[in-house]
Amino acid sequence: MVEWERYAIRVEGVVQGVGFRPFVRRLALRFDLDGWVGNDAQGVFVEAEGGSSALTSFRAALLAEKPPLAVVERLTVTPIEPVGSRCRVGPAQFAILPSVADGERRTLVSPDLATCDDCLREILDPADPRHGYAFTNCTACGPRFTIVRDVPYDRGATTMAGFEMCGRCAKEYADPDDRRFHAQPTCCPACGPRLRFVDAAGNEAEGADAVVAAASRLAAGQVVAVKGLGGYHLAVDAAREASVAALRARKHREERAFAVMVADLAAARELCEVDDAEAVLLTAPRRPIVLLRRRSAPPNLARSVAPGNRFLGLMLPYTPLHHLLLRQFAGPLVMTSGNLSDEPIAYRDEDALARLSGIADAFLTHDRDIHTRVDDSVVRVFRGRELPVRRSRGYAPHPVTVPGRVARPVLACGAELKNTFCLAKGTHAFLSPHIGDLENYETLRSFAEGIEHFKRLFDIVPALVAHDLHPEYLSTKYALDLDAELVGVQHHHAHIASCLADNQEWGPVIGVAFDGLGYGLDGTLWGGEIMVADLAEFRRVGHLEPLPMPGGVTAIRQPWRMAAAHLDAAYAGAPPDDLPVRLRHPDWPDVVAVARSGIGAPLTSSAGRLFDAAAAIIGVRDKVTYEGQAAIELEQLADPAELTAYPARLTRASAQAAQPFRIQGGDLIRAVVEDLARGAAPPIVAARFHNGVAGAVVAAATTVRESCGLSAVALSGGVFQNRLLLARTVDGLADAGFRVLTHSRVPPNDGGVSLGQAVIAAARDRSPDGPAPVVAWAAQSGGR
């Protein structure tokens, strides 16, 4: 006799808007099970009844055969009393119930996803009702996060609410066997959003004609603002030098590389070298911008697209509109964020028209509102693994699962540059999309609005608010204005904690945090830190030798100033004319005097500023137009075949073992100077400098291991976006017997700081004594 059972099943994760309910129904009917499936605010609920062996197979298939875009984070099964009979007559009956909006909101919202192959075939098929339609989507693709206003994820809670489905779309939407069953943004030319083209002269076009008009303007060399999933792009013919240069001038983007969109993988390979892992990223549903090595003489690419850069950021079309545009205009197209430099991306139509009318000659827009602005994500591949640079569209708001549980909900406000915020509860940390640099009102408003939206979407009321220690960061000031329990987190500890969380580890580890700068506990600007750290505590055990930054932030924009400070320190105050190498700048004596005085020259242990100094001395550049430019170009100059390394000593300011050791960056600077004086080629010198920094990290980690026995090293901070440095460091550490943790889910730069802040606040909250003020806690820990 068949044993008859009934199960109540709860599925949590990204299981709404991805075709999960029809999948469950098809599976249940395949196994001859009765019951139902529905959505609520927690995810998907199922009741299934039938034979015991069939139910066992059904449970296994729920995980093994789930829809490709579904992410199952938790599946619970509870036996309940059967309501039917094993003697049932006729086929199984399995229903899909209407969504339930009651209860605590815990379901996960899917990111926006690239057009699937099925939808693309419809768009390109002249016989299909959706032929040429720019808003075609189904449960496997299309807008999600950027259009959702609330959960459960139903049409009425999205910006598609105002578009009433026609009869054909309504039939597809209601048919459990159709791939558009409950696809909330589903629509067609008869009932959905419409394209509109308009130019400065007042010429207009709609629908397919709008795409043709936009392509003609691109072919004429004009700049077209294109409304995408999460905001506007500025598009221009990437092969036309005058057009790219004009866009660069109008956008006030002097030298930073533009992203480029190409039609397909074959077109990407014409411009860049693409390995298997990079091809997977380019064609994945997330469709990020992938940083790829350029071919030596790529065809159809203007010099101004990425001046002096060996790498190019490429992406493939990820909306039907992109596909249609690149069939009218073969490309490649520059596709850069619709903004002026340092502003957030424009996403509301009236705002875009106001802000971009001085840049764009024409607009290709539509009447589907964007609720949340989301910029493109940027990634690169490091040894077959994804290394995020900017985590945004396609990734957010999918959470990072964190070690342990977050006892009380946390808001982490992030850093000043490359800001993200993070809301955490339970085992989930919800990182925001890339916000940008919090240096103006518009970006701060985007930051504040984003926090409120996440709080509503994920039903999180923060009990703890974590923030950076820098008192002038706008994110810190925002936190201090909130009526909540505050947790101050040191910047570089947050970097290491983000790497630990990224790798699902608690620590302790030897943490190496190398970046531009962050506020230190001693009042100086840290940035070249060696620490022993876990998710709650850290102890600074070593750092780069601190040096003055003559002119403060001006020294960041003018790397020759850091070169002056480093040379003056490395050669013990020798007169400039006596130095083996001297930068010819009229203000050199004044800048050296400022460095020596300490007035207007804050001390910093920054690894980023050390790279700036080396870049200026080697002759890469004296001034930068964007953050990290000198270091980026120094990496690209370096000869990867060169394996010799400059040595750097580890010293202590006193004989006390508890005193943090110092990595003598001056040793590296002197080696650079003297190698150049001997006639060494700049690419060789640049490589030896990189190898020397990596060697110093290995020596520092070895010193720490000898004193505390730790054998795991976590590498974080924006400096470790440098692939050459990262490779040399990982290899050196592995050869020395260390286990090395690097980033793969969140960026090593300041875009990952909010995750680190969140897990630190949660870890301290779990401690028996509760969270303690960081300054008092640091003092008790011997300067941690």
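Notes on the structure follow. It should be emphasised that the depicted structure is a prediction, and the values quoted were computed from it without experimental measurement.

**A word on the overall build of the chain**
In step 1: Broken down by element type, the chain carries 23 helices and 29 strands.
In step 2: A compact globule built from 784 residues should have a C-alpha radius of gyration of about 28 Å, and the chain, at 28 Å, falls within 12% of that.
In step 3: A principal-axis box enclosing the C-alpha atoms of the chain has dimensions of 95 × 65 × 50 Å.
In step 4: When burial is assessed residue by residue, the chain has 60% of its 784 residues classed as buried.
In step 5: Considering only residue pairs separated by 6 or more positions, the chain has 71% of its internal contacts joining residues 24 or more positions apart.
In step 6: Summing over all exposed atoms, the chain offers an accessible surface of approximately 28900 Å²; the carbon and sulfur share of this is 52%.
In step 7: Averaging the coordinates of the 83 positive side-chain charges in the chain and doing the same for the 92 negative ones gives two points 2 Å apart.

**Observations regarding the sheet that holds strand 14 (residues 362-366)**
In step 1: Pairing is mixed across the open sheet formed by eleven strands, whose spatial order is 7-6-14-8-9-13-10-12-11-15-16. Two strands lie at the open edges of the sheet, namely strand 7 (204-206) and strand 16 (385-390), each paired on one side alone. Ignoring strand direction, the axes of neighbouring strands in this sheet form an average angle of 30 degrees.
In step 2: Two elements, strand 15 (residues 378-382) and strand 16, share five bridges in a ladder whose sense is antiparallel. The residue bridging Val 381 from the neighbouring strand is Glu 386, located in strand 16.
In step 3: Helix 6 (residues 241-251) contacts strand 9 (232-237) and strand 13 (333-337) of the sheet and is inclined by roughly 145 degrees relative to strand 9.

**Remarks on the sheet that holds strand 3 (residues 43-51)**
Working definition: the strands of a sheet are paired by backbone hydrogen bonds and lie parallel or antiparallel to each other.
In step 1: Across the sheet, which stays open at both edges, the five strands sit in the order 4-1-3-2-5 with mixed pairing between neighbours. Two strands in the sheet have a free side with no partner beyond their single neighbour: strand 4 (71-80) and strand 5 (94-96). Strand-to-strand twist of the sheet, defined as the mean angle between neighbouring strand axes without regard to direction, takes the value 15 degrees.
In step 2: Alignment of strand 1 (residues 4-14) against strand 3, held across eight bridges, turns out to be antiparallel. In the sheet register, Arg 6 faces strand 3, and the bridge partner there is Glu 49.
In step 3: The strands touched by helix 1 (residues 20-30) are strand 1, strand 2 (34-40), strand 3, strand 4 and strand 5; relative to strand 5, the strand with the most contacts, the crossing angle is about 175 degrees.
In step 4: The strands that helix 2 (residues 52-64) touches are strand 1, strand 3 and strand 4; relative to strand 3, the one it contacts most, it runs at about 150 degrees.

**So, helix 15 (residues 559-570)**
In step 1: Compared with an ideal rise of 1.5 Å per residue, which puts twelve residues at 16 Å, helix 15 spans 16 Å between its outermost C-alpha atoms and is within 8% of the ideal.
In step 2: When helix 15 is considered as a whole, its buried residues turn out to be Pro 559, Trp 560, Arg 561, Met 562, Ala 563, Ala 564, Ala 565, His 566, Leu 567, Asp 568 and Ala 570.
In step 3: Buried residues in helix 15 make contact with strand 24 (547-548), helix 14 (554-557), helix 16 (588-597), helix 17 (607-618), helix 18 (629-637) and helix 19 (665-677).
In step 4: Ala 572 sits one or two residues past helix 15 and shows a positive phi near 50 degrees.

**What to know about the nonpolar core**
In step 1: With 92 residues, the main nonpolar core has Phe 20, Val 24, Val 46, Phe 58, Leu 325 and Leu 364 as its most contacted residues.
In step 2: Per-element accounting of this core gives the leading share, six residues, to helix 5 (residues 208-219).
In step 3: Not counting chain neighbours up to four residues away, the residues in contact with Phe 58 comprise Ile 9, Val 24, Leu 27, Ala 28, Phe 31, Leu 33, Val 46 and Ala 48.
In step 4: Judged by nonpolar contacts, the second largest core, of 72 residues, contains Ala 563, Ile 618, Ala 680 and Val 730.

**Details of the packing of aromatic side chains**
In step 1: Applying the stated rule across the entire model yields 13 aromatic pairs.
In step 2: The ring of Tyr 318 is capped by Arg 393, whose NZ or CZ atom sits 3.5 Å from the centre of that ring.

**Points about the pairing of strand 20 (residues 485-489)**
In step 1: The pairing of strand 19 (residues 464-468) with strand 20 spans five bridges and is parallel. Looking at strand 20, one finds that Leu 464 is bridged to Glu 485.
In step 2: Chirality of the crossover, the property in question, places the unit of strand 19, helix 12 (residues 474-480) and strand 20 among those that are right-handed.

**As for the environment of Gln 222**
In step 1: With respect to the secondary-structure elements, Gln 222 resides in the loop between helix 5 and strand 8 (224-227).
In step 2: For Gln 222 and Gln 664, which are 442 residues apart along the polypeptide, the C-alpha to C-alpha distance reads 52 Å.
In step 3: When residues no more than four places from it in sequence are discounted, the contact partners of Gln 222 are Arg 217, Ala 235, Val 236 and Asp 361.

**A short note on helix 18**
In step 1: With respect to burial, helix 18 is a largely interior element, seven of its nine residues being buried.
In step 2: Buried within helix 18 are the following residues: Gln 629, Ala 630, Ala 631, Glu 633, Leu 634, Glu 635 and Gln 636.

**Looking at the pattern of salt bridges**
In step 1: Applying the stated criterion to the full structure yields 41 salt bridges.
In step 2: Residue Arg 179 pairs with Glu 122 through a salt bridge whose shortest N-O separation is 3.1 Å. Taken together, the residues span a long stretch of sequence, with Arg 179 in the loop between helix 4 (167-174) and strand 6 (195-199) and Glu 122 in helix 3 (residues 117-124) at a distance of 57 residues.
In step 3: According to the relative accessible area criterion, Glu 122 is buried, its value standing at 13%.
In step 4: With a closest N to O distance of 3.1 Å, Glu 255 and Arg 621 form a salt bridge. Highlighted residues: Glu 255 in the loop between helix 6 and strand 10 (259-261) and Arg 621 in the loop between helix 17 and helix 18, separated in sequence by 366 residues.

**Some details on the environment of Val 334**
In step 1: Tracing the backbone through its elements, the reader meets Val 334 in strand 13.
In step 2: For Val 334, a relative accessible area of 0% translates into the label buried.
In step 3: Linking Val 334 and Leu 314, residues 20 residues apart in sequence, is a C-alpha distance of 9.4 Å.
In step 4: Dropping the residues within four chain positions of it, Val 334 is found in contact with Leu 234, Ala 235, Val 236, Ala 238, Val 244, Leu 247, Phe 258, Ala 259, Val 260 and Val 305.

**Some remarks on the packing of helix 18 against helix 20 (residues 682-708)**
In step 1: Direction vectors running N to C along helix 18 and helix 20 enclose 110 degrees, while the axes themselves pass 8 Å from each other. Of the possible angle classes, the one that applies to helix 18 and helix 20 is roughly perpendicular. In the crossing of helix 18 with helix 20, the sense of the turn from one axis to the other is left-handed. Where helix 18 abuts helix 20, its residues Leu 634, Glu 635 and Leu 637 lie against Pro 682, Pro 683, Ala 686, Phe 689 and His 690.

Reading guide: rules and limits
- Residues numbered from 1 in each chain as written.
- Predicted model: local features only at pLDDT ≥ 70, side-chain atom pairs only at ≥ 80, totals over all residues.
- Heavy atoms only, no water.
- Helix = DSSP H or I, 4+ residues; strand = E, 2+ residues; numbered from the N terminus.
- Rg over C-alpha atoms; globule rule 2.2 N^0.38 Å.
- Buried < 20%, exposed > 50% of the residue type's maximum accessible area, 1.4 Å probe, protein only.
- Contact = heavy atoms within 4.5 Å.
- Areas by Shrake-Rupley, 256 points an atom, 1.4 Å probe, with all protein chains shown as cover.
- Lys, Arg positive; Asp, Glu negative; His and termini not counted.
- Charge placed at Lys NZ, Arg CZ, Asp CG, Glu CD.
- Pairing = 2+ DSSP bridges.
- Axes fitted to C-alpha atoms, helices over the stretch in contact; angles between N-to-C directions.
- Expected span 1.5 Å × (residues − 1).
- Core = buried A, V, L, I, M, F, W, Y, C linked by side-chain atoms within 4.5 Å.
- Phe/Tyr/Trp six-rings, centres within 6.5 Å; stacked < 30°, edge-to-face > 60°.
- Lys NZ or Arg CZ within 6 Å of the ring centre and 35° of its normal.
- Right-handed = clockwise from strand over helix to strand, strands pointing away.
- Salt bridge = Lys/Arg side-chain N within 4 Å of Asp/Glu carboxyl O.
- Parallel < 35°, antiparallel > 145°, perpendicular 65-115°, else oblique.
- Left-handed = near helix turned anticlockwise from the far one by under 90°.

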